[in-house]
Amino acid sequence: MGKRLEKEGRILEAKALYEANISEGFEGSFPYRRLAMLYRKGKSIDEEIRVLDKAVSVFHNLAGSGREDVQQKLNDFRERFKKAKSLKSR
């Protein structure tokens with residue numbers, strides 16, 4: 001649904017949907033990636049950092065779940081988080 005809203009140019013509605021997903025601790029990476037990207041494009045680095053921090057937390061908690069995709073996603077979100085933090089400190 002969020003992807004469709006984005007394609008229709010309804011970015012604020014897509015963000016609201018993604019925010020609802022992450023507030024529920026959604027265990028998939030898509031809403032975190034899209035929301036972080038949208039905040040980066042909008043130069044809202046603090047919001048991007050907040051989203052990535054939440055993603056790191058969610059995937060860290062999933063690390064012992066047996067899901068094969070978790071460690072790679074956790075590493076990716078950690079790296080993106082560090083990069084966003086470095087942009088903020090400039």
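This write-up is about the structure you can find in this document.

Description of the overall build of the protein
Looking only at helices and strands, the protein has five helices and zero strands in total. Secondary structure of the protein in N-to-C order comes out as α-α-α-α-α. Its C-alpha atoms give the protein a radius of gyration of 13 Å, near enough to 12 Å, the size a compact globule of 90 residues would have. Taken over the C-alpha atoms alone, the protein extends approximately 40 × 35 × 20 Å along its principal axes. Sequence separation of at least 24 residues holds for 48% of the intrachain contacts in the protein that already meet a minimum separation of 6. Counting only carbon and sulfur atoms, one obtains 51% of the accessible surface of the protein, whose full area is about 5700 Å². Separation between the mean location of the 21 positive side-chain charges and that of the 14 negative ones in the protein comes to 5 Å.

Section: the pattern of salt bridges
Here the structure, examined in full by the defined rule, presents 11 salt bridges. Among the ionic pairs, Glu48 bridges to Arg40, the shortest N-O distance being 2.8 Å. On the basis of relative accessibility, which here comes to 2%, the residue Glu48 falls in the buried class. The class for Arg40 is partly exposed, based on a relative accessible area of 29%. The residue Asp69 makes a salt bridge to Lys73 at a minimum N-O spacing of 2.8 Å. Among the charged side chains, a salt-bridge network with shared partners connects Arg4, Glu8, Arg10 and Glu13.

Structural notes on helix 3 (residues 30-41)
Taking 1.5 Å of rise per residue, 12 residues should cover 16 Å, and helix 3 covers 16 Å from first to last C-alpha, within 8% of that figure. Those residues of helix 3 that sit buried are Pro31, Tyr32, Leu35, Ala36, Leu38 and Tyr39. Considered in projection along helix 3, the buried side chains sweep an arc of 160° and stay on one side of the axis.

Structural notes on the packing of helix 3 against helix 4 (residues 45-61)
Orientation of helix 3 relative to helix 4, taken along the N-to-C sense of each, is 165°, at an axis distance of 8 Å. When the axes of helix 3 and helix 4 are compared, the pair comes out roughly antiparallel. Relative to helix 4, the crossing made by helix 3 is left-handed. Side by side, helix 3 and helix 4 meet where Tyr32, Leu35, Ala36, Tyr39 and Arg40 of the first sit next to Ile45, Glu47, Glu48, Arg50, Val51, Leu52, Lys54, Ala55, Val58 and Phe59 of the second. Looking at the contact of helix 3 with helix 4 residue by residue, the classes come out as 10 nonpolar, no polar and five charged.

How each quantity is defined
Residues numbered from 1 in each chain as written. Predicted model: local features only at pLDDT ≥ 70, side-chain atom pairs only at ≥ 80, totals over all residues. Heavy atoms only, no water. Helix = DSSP H or I, 4+ residues; strand = E, 2+ residues; numbered from the N terminus. Rg over C-alpha atoms; globule rule 2.2 N^0.38 Å. Contact = heavy atoms within 4.5 Å. Areas by Shrake-Rupley, 256 points an atom, 1.4 Å probe, with all protein chains shown as cover. Lys, Arg positive; Asp, Glu negative; His and termini not counted. Charge placed at Lys NZ, Arg CZ, Asp CG, Glu CD. Salt bridge = Lys/Arg side-chain N within 4 Å of Asp/Glu carboxyl O. Buried < 20%, exposed > 50% of the residue type's maximum accessible area, 1.4 Å probe, protein only. Expected span 1.5 Å × (residues − 1). Arc of directions from axis to C-beta. Axes fitted to C-alpha atoms, helices over the stretch in contact; angles between N-to-C directions. Parallel < 35°, antiparallel > 145°, perpendicular 65-115°, else oblique. Left-handed = near helix turned anticlockwise from the far one by under 90°. Nonpolar A, V, L, I, M, F, W, Y, C, P; charged D, E, K, R; others polar.

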